[in-house]
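Close look at the chain arrangement
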Amino acid sequence: MNQEKSSRLFSHIFAIVLVAALLSTTTSCISLQKQPVGSTVSTQMLSTKDLVKTADQAWLKRDYVASELYYTRLIERADIPKDVNLIALERLSISSYKSGHYHEAEARLAEWKNLSPEALNSEIWQKYYFDSLLATKKFSQLNAHLTQTMEDTNLPWDIRSEAGKNLSTLEQNEDSMAALERLYTIAPNDDDRKDLERWFIAGLSDKSEQVLEKNSSLISTGNNLKFPYELILFEKATRQSSAKEYWPMAWRTMSGIVQRGQIVDKPGFNKIIADLEAQYGIPRVGIALVLPISGRFQDYGWKIIRGAGAAQWELTKAGLDVDVQVINTEDANWIERVQNLPPWYTVLGGPINVKAFKELEQAETYTEKVTFSFLAKPGNLEEGRQAWRFFSSPEDQIRSSLDLAINDMGIKDFAILYPQEKFGRQMSQIFWDMARERGAKITGMESYPPNDFPKWGKVVGKLVRAPQKLAENKADGLGEDAPLPETDFGAVFIPDTWHQAQLLIPHFFFHEADTLLFLGPELWSQALNSARDVEAQNLKLTIAPGAWWSASDGAGRLKEVMTREGLGRPDFWVALGYDFIKFSSKLGTFSPGWTPELVNERIAEAQHIDFSLAPISWTADGKAHQKLFLFRPEKNGKTKIDASTVKKTLANAKTKRSRRVEAWKNTQEELEKANSAKTELEQ
């Protein structure tokens, strides 16, 4: 017994000596070469075979401090076999990491890979290389390694997949989500994609609400039906399901993701939905449309109904119980009908005319129904608190044009030419304010009588300062045919109808102001939808915003639906009805006493749909912003343009002007030479 105690005591003392020996080495943890004499002698006295045995024994006992020492000494031996060397390097790498010597672990892992490139195929090597770089905070190196590993098609998928997953955990930002999206894309088959879906959704269930919200901020209309973003939305909807008010919206979100998203494991996710349906039932959503289906505006009302019908049919096929009821705003008792709707009709869309909206406002129906106006402004109600907008505003129209002119074209000086009537004055004021907010200047502003065509030429001449320019040329001794200097503004805003604009713009060319952008309201693009035989040659720098573009991806999808259901060709109004039903069906139902804050929260979730119109987004306080398309006239209609198109057209216009000025100068030089020659002959 005493002998056994002595043996244990000796072993304990030996271990302490080893620890002390290690602690006395250099603090860099990169080299363990300088050992105390006793320890060095003890390993030097062992043969390579015995040293292997001693190191292995320490390894099997998980005595990583000792095994790190022994394997360090072992790989220094010249007579160590290659296969033993590989095992020694593997165990040395792990022992160094387990002992807290992370730099040393990284160095040994590098040696292991250099000795055998096959190390990259080892899950052990990959794990400890990741852990070592993470521990030493070498994030750039780690990021590069994981990216390269994920993309290396020579490696097993399990290794690549793990690298992609690890890459996504470094930070919760756009890059980490993009890494997962890429990993999903390059997965060899659907089984691997299923594994990724199950892994990601399982991880999301453990995330806090704060982290989930942070991830949600990375979701956009363009990625909301792609992995991994779709599963973030799915998880949020799952958590919201327990609230009765949120259940219809949550159900719609989850069902839409499974049906239209990238999800491969549809049975698995449908099982989640089915379990919730068993608990809460299949939700019923009621949406009221208040529209004119008789009288002056009935054509627009019927088009909206056609689009709404197409959306309702799609939702019904998807299993969502959506009731859509249309109430004619031309009927005398239409307000009463709205007030008597069943309780599940909690969302209302419309009207499309100001008179009807005023009636709704006066009846205070908006206090009971969550109201989305199909108008540029929700009457006298506060947007985002009393009513919401599902339509472009004057600000949306002007913003689109200013963003192009200022941000893309670099124009900082503008002019305004407006008709002397209410619409022109209001739009001019908005343009003035928004331009000044962006640091631009209004260097010219004139108005004209809308019905007195003969006066327009003089008004345009005054705006471009043609009389002053002619006077300056004359003072400089130039003839009437001398080119006029360019205007001191690069674009002019004309808030009038397209018919009037076509008559106004040629006056600018008459006064040689032919390098300007002509910016207009949405009225222009609406008129161009049916325009024919337009003199488009001199109107290539004419820019009009609009919400409907028949060649957009969203419009193409709507066309397919309309054709399949035999509902004819879509246009702006059809698209408005279609988009509104798709959007509002995701809002769910609202209990009495709902608050604006609750509505705005629902909108933040529901706005991630594939719009057939230009997409609408809402701020946190419920203000709508529509990112409109930009168009220019064509001979028979209009075509969509972008910054590159406008830059090229403007450059051509400036080149053409420069050539004209150069030609005039050359003519003047030739005349001067001829006059000089004539004078010499006369002398």
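1. Here's the deal with the overall build of the chain
For the chain, the count of helices and strands is 28 helices and 14 strands. Taking 26 Å as the expected radius of gyration for a compact globule of 683 residues, we find that the chain reaches 37 Å, considerably beyond that expectation. Overall, the chain is about 125 × 100 × 40 Å in size when its C-alpha atoms are taken along their principal axes. Looking at the chain residue by residue over its 683 residues, the buried ones come to 49%. Taking the intrachain contacts of the chain between residues at least 6 apart in sequence as the baseline, contacts between residues at least 24 apart amount to 66%. A total accessible area of about 33400 Å² is found for the chain, and carbon and sulfur atoms account for 51% of it. Each charge sign in the chain was given a centre, from 83 positive and 90 negative side chains, and these centres are 1 Å apart.

2. Here's the deal with the sheet that holds strand β4 (residues 370-373)
Taken together, 5 strands build an open sheet; the order of strands is β2-β1-β3-β4-β5 and the sheet is parallel. The open sheet has two edge strands with one neighbour each: β2 (321-328) and β5 (388-389). Where β4 and β5 come together, 2 bridges link them in parallel fashion. Within β5, the residue paired with Ser373 across the bridge is Arg389. The strands that helix α16 (residues 298-317) touches are β1 (284-291) and β2; relative to β2, the one it contacts most, it runs at about 170 degrees. Where helix α26 (residues 572-585) meets the sheet, it contacts β1, β2, β3 (345-349) and β4, and its direction lies at approximately 145 degrees from that of β1.

3. Examining the sheet that holds strand β9 (residues 517-519)
Pairing is mixed across the open sheet formed by 7 strands, whose spatial order is β7-β6-β8-β9-β10-β13-β14. Taken across any chain shown, the strands that pair with only one partner, and hence form the sheet edges, are β7 (441-448) and β14 (637-640). The sheet shows a mean angle of 30 degrees between the axes of neighbouring strands, direction not considered. Pairing analysis gives 3 bridges linking strand β8 (residues 491-493) to β9, with the strands arranged parallel. Directly across from Phe493, in β9, lies its bridge partner Leu519.

4. Some details on the packing of aromatic side chains
Two aromatic rings are characterised by how far apart their centres lie and by the angle between their planes. Using the criterion set out here, one finds 35 aromatic pairs in the structure. Measuring from ring centre to ring centre gives 5.5 Å for Tyr97 and Tyr128, while their planes differ by 70 degrees; the resulting arrangement is edge-to-face. Taken together, the positions of Tyr97 in helix α5 (residues 82-98) and Tyr128 in helix α7 (residues 123-135) put the pair 31 residues apart, joining distant regions of the chain. Taking the centre distance of 5.4 Å and the plane angle of 55 degrees together, the rings of Trp549 and Phe631 count as tilted.

5. Overview of unusual backbone geometry
A cis amide bond links Phe227 with the next residue in sequence, Pro228, at an omega value of 5 degrees. Residue position: Pro228 is located in the loop between α12 (209-216) and α13 (229-240). Look at the link from Gly350 to Pro351: it is a cis peptide, with omega at -10 degrees. Within the secondary structure, Pro351 is located in the loop between β3 and α18 (354-362). Even without being a glycine, Glu364 presents a positive backbone phi close to 55 degrees. Residue class for Glu364 comes out partly exposed when judged on its relative accessible area of 46%.

6. Describing helix α9 (residues 157-169)
With 13 residues, α9 ought to run about 18 Å at 1.5 Å a step, and its terminal C-alpha atoms sit 18 Å apart, in line with that. Counting buried positions along α9 yields 10 of 13 residues, so the element is predominantly enclosed. Turning to α9, its buried residues are Trp157, Ile159, Arg160, Ser161, Ala163, Gly164, Lys165, Asn166, Leu167 and Ser168. Among the structural elements, α7, α8 (139-151), α10 (174-186) and α11 (190-204) are those in contact with the buried residues of α9.

7. Some points on the pattern of salt bridges
With the rule as written, the count across this model stands at 34 salt bridges. Arg239 is the salt-bridge partner of Glu209, the closest N and O atoms lying 3.1 Å from each other. Taken together, the positions of Glu209 in helix α12 and Arg239 in helix α13 put the pair 30 residues apart, joining distant regions of the chain. Of the charged contacts, one joins Glu605 and Lys236 as a salt bridge, the two residues approaching to 2.5 Å between their closest N and O atoms. One end of the pair, Glu605, is in helix α27 (residues 596-606); the other, Lys236, is in helix α13, and 369 residues separate them in sequence. Summarising the burial analysis for this pair, Glu605 and Lys236 share the class buried.

8. Some details on the pairing of strand β10 (residues 542-546)
In terms of burial, β10 is largely enclosed, as 5 of its 5 residues are buried. In β10, alternate side chains face the same way, and those of Thr542, Ala544 and Gly546 on one face and Ile543 and Pro545 on the other are all buried. Here β9 pairs with β10 via 2 bridges, running parallel. Along β10, the bridge assignment pairs Leu519 with Ile543. The pairing of β10 with strand β13 (residues 629-634) spans 3 bridges and is antiparallel.

9. Describing the packing of helix α14 (residues 247-260) against helix α15 (residues 266-280)
The N-to-C vectors of α14 and α15 enclose an angle of 160 degrees; their axes lie 10 Å apart at closest approach. Judged on the interaxial angle alone, α15 and α14 are roughly antiparallel. Note that α14 runs across α15; the crossing there is left-handed. Between α14 and α15, the residues in contact are Trp247, Trp251, Met254, Ser255, Val258 and Gln259 and Lys266, Phe269, Asn270, Ile273, Leu276, Glu277 and Tyr280, respectively. Among the residues making up the contact of α14 with α15, the classes are represented as 8 nonpolar, 3 polar and 2 charged.

10. Regarding empty space enclosed by the protein
All told, the structure shown has 4 cavities of 30 Å³ or more when counted by the stated rule. Considering only enclosed or pocket space, the largest cavity measures out at about 70 Å³ in volume. Lining of the largest cavity is provided by Asn224, Leu225, Leu233, Arg252, Thr253, Gly256, Ile257, Arg260, Lys586, His608 and Ile609. A per-element tally of the lining of the largest cavity places α14 first, with 5 residues. Grouping the constituent residues of the lining of the largest cavity by class yields 4 nonpolar, 4 polar and 3 charged.

11. Focus on the nonpolar core
Among the nonpolar cores identified, the biggest contains 117 residues, and Phe372, Phe374, Phe390, Phe580 and Phe583 are the most heavily contacted of them. Sort the elements by how many residues they give to this core and α26 lands first, with 9 residues. With residues near it in sequence (within four places) discarded, Phe580 still touches Ile287, Leu289, Val347, Leu348, Gly349, Phe372, Phe374 and Phe390. In this structure, Ala440, Leu519, Ile641 and Val646 belong to the second largest nonpolar core, which totals 29 residues.

12. Examining the side chain of Lys586
With respect to the element layout, Lys586 can be found in the loop between α26 and α27. Excluding residues within four positions of it along the chain, Lys586 makes contact with Met249, Arg252, Thr253, Glu605, Ala606, His608 and Ile609.

Here is what the cut-offs are and how they apply
- Residues numbered from 1 in each chain as written.
- Predicted model: local features only at pLDDT ≥ 70, side-chain atom pairs only at ≥ 80, totals over all residues.
- Heavy atoms only, no water.
- Helix = DSSP H or I, 4+ residues; strand = E, 2+ residues; numbered from the N terminus.
- Rg over C-alpha atoms; globule rule 2.2 N^0.38 Å.
- Buried < 20%, exposed > 50% of the residue type's maximum accessible area, 1.4 Å probe, protein only.
- Contact = heavy atoms within 4.5 Å.
- Areas by Shrake-Rupley, 256 points an atom, 1.4 Å probe, with all protein chains shown as cover.
- Lys, Arg positive; Asp, Glu negative; His and termini not counted.
- Charge placed at Lys NZ, Arg CZ, Asp CG, Glu CD.
- Pairing = 2+ DSSP bridges.
- Axes fitted to C-alpha atoms, helices over the stretch in contact; angles between N-to-C directions.
- Phe/Tyr/Trp six-rings, centres within 6.5 Å; stacked < 30°, edge-to-face > 60°.
- Expected span 1.5 Å × (residues − 1).
- Salt bridge = Lys/Arg side-chain N within 4 Å of Asp/Glu carboxyl O.
- Parallel < 35°, antiparallel > 145°, perpendicular 65-115°, else oblique.
- Left-handed = near helix turned anticlockwise from the far one by under 90°.
- Nonpolar A, V, L, I, M, F, W, Y, C, P; charged D, E, K, R; others polar.
- 1 Å grid on protein atoms, 1.4 Å probe; cavity = no way out; pocket = protein on both sides within 12 Å on 5 of 7 lines; lining within 4 Å.
- Points joined across faces, edges and corners; volume = space filled by probe spheres on them.
- Core = buried A, V, L, I, M, F, W, Y, C linked by side-chain atoms within 4.5 Å.

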